[in-house]
Amino acid sequence: MPVSIEPQDDPFRQSDSLVYALAYEEKGWNPTPINPGTKAARLKDWETHRLSRSEIEREFQPDDNVGLVLGELSGNLVLVDLDSATAVESGDRFLSDTGVVGGRAKKPKSHRFYVCETLPKNKQFQSPKLGNKVHVEILADKKQAAVAPSRLKDGERKAWYSFDEPATIPGDDLTEQVTRLAVHCELVAIWPDHGRHNAALALAGGLLRAGWSESEVIAEIESLCRDTVDNRREIPDLVQDTAAKLENEAPGVTGWPTLAKLTGEKASIDAILDWLGLSGVDLDDDRPAVRVYEGDLDKLSDQCWAALAISNDPPTVFRRSNRPVRIERIDDSDTVIIQDLNDVRLRYHLSAAIRFYQWRQDRVTKQTVQAPAKVSLDVVRNMLAYEETPLPVLNRVVTVPVFSPSGTLQTEPGYHPDARVYYEPPRGLTIPPVSERPTPAEVATAKRWLLDELLGEFPFVGEADKAHAVALALQPFVRDLISGYTPFHLFEAAKQGTGKGLLVRVLTAISTGGDGVSPTPMSGSEEEVRKMLFAKLLEGPTFILLDNLSGTVSSDALAVALTSSTYSDRKLSVSETPHVQVRCGWVGTANNASLSSDLARRTIRSRMVADVENPHLREFAKSDLFGWSIEHRAELVWSVLTLTQAWLAAGRSEGRQMLGSYESWAKVIGGILDVAGIPGFLSNLSEFYDDANTQGASWKDFVGAWWEQYGPEPQSATTLLRVAEATNFPFTGWRDDDKKRELGVELKGQKDNVYAGCAIRLGKDRRTKANNYRLEPKNGQVWEGPPTLLPDEAVSDDPAGTRNPWDRDS
């Protein structure tokens, strides 16, 4: 509380009301008698009638209180009444000096008088925090105030602390000064004891937007934090940084909504905004604000991106292939996909995440107020053209816990930045706790769930085929531990109805839930296959299933995708060619498949043979295996996680078998299976290549016959054509000229490849400069000359056998 000040400047220091009243009249003011002990004027027409000197002498009694009629009747005299202790204490800081100051002992200098050429409006500034008590009040036209020597109810008298000439000040300036004093008083009442840094940031943003200068804001925050020395030292930098951001219209500057949230005093902030003429600010809306205006499109786009980045916590919008995306759940299922944001979808997210506003003048009050606004599609489309956006990168979405690149099991739903994975758990799935160091008994239980309960009734050909099935189940959970590519998992059967489709469903449903992976047919031209793969990859799937493959499967697009970290193609209906991360598992099903050599070397196989005429009529112990797998999904997920955790706890030993181009995958998956004691991983590759790679088998037969007939001697394509035809080489053309050209192209494409123990070498005939081809033995074999003529190759006009039956030009 301020120390009482003796009224040294009171020129009379007596109680005779008439003496004071006459002195006021001499100053040009209009006194009016007030009933003793009250503040009520006695004369009925006091508001409109100016008393003459004789009327003053007649109307005033010695014990009357004395009032001054404010406004026009007293030469535009205005009173600023400081009611709260904070207002009295801080009045000198906010209000202009004046020569007429009154008060009383308990509130000295609480009445300040000014002259205003244009009278301000009468206004009370009531404190919501203090039960609507008045901080400060402006009294002007048709108001009166009790002054010295009036005696109050408690017996205390009014007195003058300065009785010279009142300062002259424009009414608007006085109103602004009083408003700022009221704002300060309410801020003092609500200022928090903790979290003052964030409160200061919000207040700086709010006051600077309200037109306060940097120095005024610094002084205000310093006064509020005056008992916190450390905070005061950083206040100038805090305010200057905030001012710089506002000048550049950078988002992220907090303000009144944040201050209301931090203090919990929404009513007080509402009152402050009303006093400052900032009506229209929604204090329940603490989203970052962006002002919509006509002008620099890039600048407004920058502000929108920055504001979206601030509000995107926790993240709901992401960046994938430099495009904004969101996560979508398909209807009410467990299926979750990554959806590109077009201009309409992005504007929806902007409107939800950012408070867009513009300034306009209220037609009634003429005040400049904030009004809601919306961002134009032009701005949104410009944002979509950015090469990089300030959004977290998203590689894939999972519905089960997975392991991060560091080996940490991510069990918390939401975005995980280290793996760039979003975990969206399905409803109703509760996974048992996974031990950090699983015991042998826990590993045995996990193997029983996977090998016996889930896979026990499938007629796998061998250990490798079953191990590869487990490998597919493992892959989504450990994908972020694998640094490279993952191979194509081919589930093959000797006959329809063996169960390969069911096997794929139960294996993929462990990680995806629902019905497992949805099948995608692989048909049409190579261009159609490429576009199909790209469209699927854009969705960020856990798996891509190419179902019911038939014939000889060959696709350059699939071969490229299987050994690519990113995949690109032109999007339909647009000219852009984005790149998308390849993080999915590749799966195919077929009956007795034949694959091109490029696909065969990128594939591992799980083959089943039922050894019955109608495998689809077999009876199983679990009549509804897929339903059982969904019912026990939590145990199956736990089993996969337990086997992986056991491998991590054992030191991440690398798998012993390798697969070219898939070394990281083989080390991780093979290591987990080795630690778990599941045998057979990659042990059937040679058998599979012999069975599936018909293209390789054709070349092996062709090169074997070539070596047998011609050994290492260079030969022309024409000569080798008869050898190719004799070994049933799979030509696509049917005319001799077409076959010759095709064989020449194929030979060039097989340069330096090894078949039947010989490497194919390409050279030039010295005389004709035409291409020729020769074989270079790699296994130490020695050519012993051409074989004896075959009976069906003998010709009647060559009885001596001098003509070469393999050579058309002989």
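Conventions adopted
Residues numbered from 1 in each chain as written. Predicted model: local features only at pLDDT ≥ 70, side-chain atom pairs only at ≥ 80, totals over all residues. Heavy atoms only, no water. Helix = DSSP H or I, 4+ residues; strand = E, 2+ residues; numbered from the N terminus. Rg over C-alpha atoms; globule rule 2.2 N^0.38 Å. Contact = heavy atoms within 4.5 Å. Phe/Tyr/Trp six-rings, centres within 6.5 Å; stacked < 30°, edge-to-face > 60°. Buried < 20%, exposed > 50% of the residue type's maximum accessible area, 1.4 Å probe, protein only. Core = buried A, V, L, I, M, F, W, Y, C linked by side-chain atoms within 4.5 Å. Pairing = 2+ DSSP bridges. Axes fitted to C-alpha atoms, helices over the stretch in contact; angles between N-to-C directions. Salt bridge = Lys/Arg side-chain N within 4 Å of Asp/Glu carboxyl O. pLDDT = per-residue confidence, 0-100. Polar contact = N/O pair within 3.5 Å; in protein donor to acceptor, adjacent residues only side chain to side chain.

Caption draft 1: Local environment of the overall build of the protein chain. Within the protein chain, the secondary structure is distributed over 25 helices and 33 strands. In terms of overall dimensions, the protein chain is more spread out than a globule: its C-alpha atoms have a radius of gyration of 45 Å, far above the 28 Å expected for 810 residues. By principal-axis analysis of the C-alpha atoms, the protein chain measures approximately 160 × 65 × 45 Å. Restricting the contact set of the protein chain to residue pairs at least 6 apart, pairs at least 24 apart contribute 71%.

Caption draft 2: Quick peek at the packing of aromatic side chains. Inspection of every chain in the model, using the stated rule, returns 20 aromatic pairs. Measuring from centroid to centroid gives 6.0 Å for Trp29 and Phe163, while their planes differ by 85 degrees, and the two rings are edge-to-face. Linking Trp29 in the loop between helix 1 (17-26) and strand 1 (30-34) with Phe163 in strand 9 (residues 159-163), this pair joins segments that are 134 residues apart in sequence. For the pair formed by Trp29 and Phe163, the shared burial category is buried.

Caption draft 3: Molecular detail of the nonpolar core. The biggest cluster of nonpolar side chains holds 96 residues, and the ones touching the most others in it are Trp586 and Trp665. Non-local contacts of Trp586, meaning those with residues more than four positions away in its chain, are made with Thr486, Pro487, Phe488, His489, Leu533, Leu537, Ile544, Leu558, Ala561 and Leu562. Counting residues in hydrophobic clusters, the runner-up holds 53 residues, among them Val178, Leu208, Ile235 and Ala271.

Caption draft 4: Representation of the sheet that holds strand 22 (residues 488-493) within the structure. Here we have five strands laid out as an open sheet, ordered 23-24-28-22-30, and parallel in their pairing. Of all strands in the sheet, those bounded by a partner on one side alone are strand 23 (519-521) and strand 30 (603-608). Across the sheet, the mean angle separating the axes of adjacent strands is 25 degrees when strand polarity is ignored. Note: strand 23 against strand 24 (residues 543-549), three bridges, orientation parallel. Directly across from Thr520, in strand 24, lies its bridge partner Leu546. The sheet strands contacting helix 14 (residues 463-478) are strand 22, strand 24, strand 28 (585-591) and strand 30, and the helix crosses strand 30 at an angle near 125 degrees.

Caption draft 5: Quick peek at the pattern of salt bridges. For the structure shown, the criterion picks out 36 salt bridges. A salt bridge links Asp141 to Lys142; the shortest N-O distance between them is 3.7 Å. A relative accessible area of 47% means that Lys142 is categorised as partly exposed. One salt bridge connects Asp193 with Arg196, and the closest N-O pair in it is separated by 4.0 Å. On the accessibility criterion, Asp193 (63% relative accessible area) is exposed. Members of the salt-bridge network, linked through shared partners, are Asp465, Glu492, Arg605, Arg607 and Glu687.

Caption draft 6: Structural detail: the confidence of the model for the protein chain. Averaged over all residues, the pLDDT of the protein chain is 88; the fraction at 70 or higher stands at 92%. Predicted confidence is poor over residues 790-810, with pLDDT under 50, and the contacts of this stretch with residues over four places away or in other chains come to 25 contacts.

Caption draft 7: Structural context of the environment of Leu720. Along the polypeptide, Leu720 turns up in helix 24 (residues 717-726). Residue Leu720 is classed as buried on the basis of its relative accessible area, which comes to 0%. Remark: the alpha-carbon pair of Leu720 and Trp706, spanning 14 residues in sequence, is separated by 7.3 Å. With near-sequence residues (within four places) excluded, Leu720 lies in contact with Phe702, Trp706, Tyr710, Gln715, Leu743, Leu747 and Tyr773.

Caption draft 8: Structural detail: the side chain of Arg104. As for its placement among the helices and strands, Arg104 is situated in the loop between strand 4 (100-103) and strand 5 (111-115). The class of Arg104 is buried, set by a relative accessible area of 17%. Here the side chain of Arg104 touches Glu156 through a polar contact of 2.8 Å, side chain to side chain. Among all residues touching Arg104, those that are not within four sequence positions of it are Leu152, Asp154, Glu156, Arg157 and Tyr161.

Caption draft 9: Spotlight on helix 8 (residues 256-263). Counting buried positions along helix 8 yields six of eight residues, so the element is predominantly enclosed. Regarding helix 8, the residues found buried are Trp256, Pro257, Thr258, Leu259, Ala260 and Thr263. For helix 8, the elements touching its buried residues are helix 4 (171-190), helix 5 (196-209) and helix 9 (266-275). Positive backbone phi, approximately 70 degrees, marks Gly264, located one or two places after helix 8.

Caption draft 10: Summary view of the environment of Ala21. Along the chain, Ala21 falls in helix 1. With 11 residues separating them along the chain, Ala21 and Thr32 place their C-alpha atoms 7.8 Å apart. With residues up to four places along the chain from it excluded, the contact list for Ala21 reads Pro31, Ile56 and Phe60.

Caption draft 11: Region of interest: helix 3 (residues 85-94). For helix 3, the set of buried residues is Ala87, Val88, Ser90, Gly91 and Phe94. The inward-facing, buried residues of helix 3 contact strand 3 (77-82), strand 5, strand 7 (133-139), helix 4 and helix 6 (214-224).

Caption draft 12: Geometry of the side chain of Ser84. Locating Ser84 in the fold gives a position in the loop between strand 3 and helix 3. A distance of 3.1 Å separates a polar side-chain atom of Ser84 from the backbone nitrogen of Ala87. Ignoring anything within four residues of it in the chain, the contact list for Ser84 reads Val134, His135 and Cys185.

Caption draft 13: Fine view of unusual backbone geometry. Backbone torsion omega between Ala148 and Pro149 reads 10 degrees, so that peptide bond is classified as cis. Following Asp313, the chain continues into Pro314 via a peptide bond in cis, with omega recorded as 0 degrees. By secondary structure assignment, the location of Pro314 is in the loop between helix 10 (297-311) and strand 12 (317-320). Positive phi values are uncommon outside glycine, yet Asn132 reaches one of about 65 degrees. Classification of Asn132 as partly exposed rests on a relative accessible area of 45%.

Caption draft 14: Here's a closer look at the pairing of strand 32 (residues 758-764). When strand 31 (residues 754-755) meets strand 32, the two strands line up antiparallel, connected through two bridges. Bridge assignment links Val754 to a residue of strand 32, and that residue is Ala759. The loop that links strand 31 with its antiparallel partner strand 32 comprises two residues; one of these, Ala756, has a positive phi angle of about 50 degrees. Here seven bridges tie strand 32 to strand 33 (residues 771-777), and the two strands are oriented antiparallel to one another. Within the sheet, the bridge partner assigned to Cys758 lies in strand 33 and is Pro777. Here strand 32 hands over to strand 33 after six residues, with Lys769 in that stretch at a positive phi of 65 degrees.

Caption draft 15: Main features of the sheet that holds strand 17 (residues 396-398). If you walk across this open sheet you meet the three strands as 17-21-20, and the pairing is mixed. Looking along the sheet, the strands with just one partner apiece sit at the ends: strand 17 and strand 20 (414-416). Shown here is a sheet whose adjacent strand axes are inclined to one another by a mean of 25 degrees, direction ignored. Both strand 20 and strand 21 (residues 421-423) contribute to a ladder of three bridges, which runs antiparallel. If you follow His416 over to strand 21, its bridge partner there is Val421.

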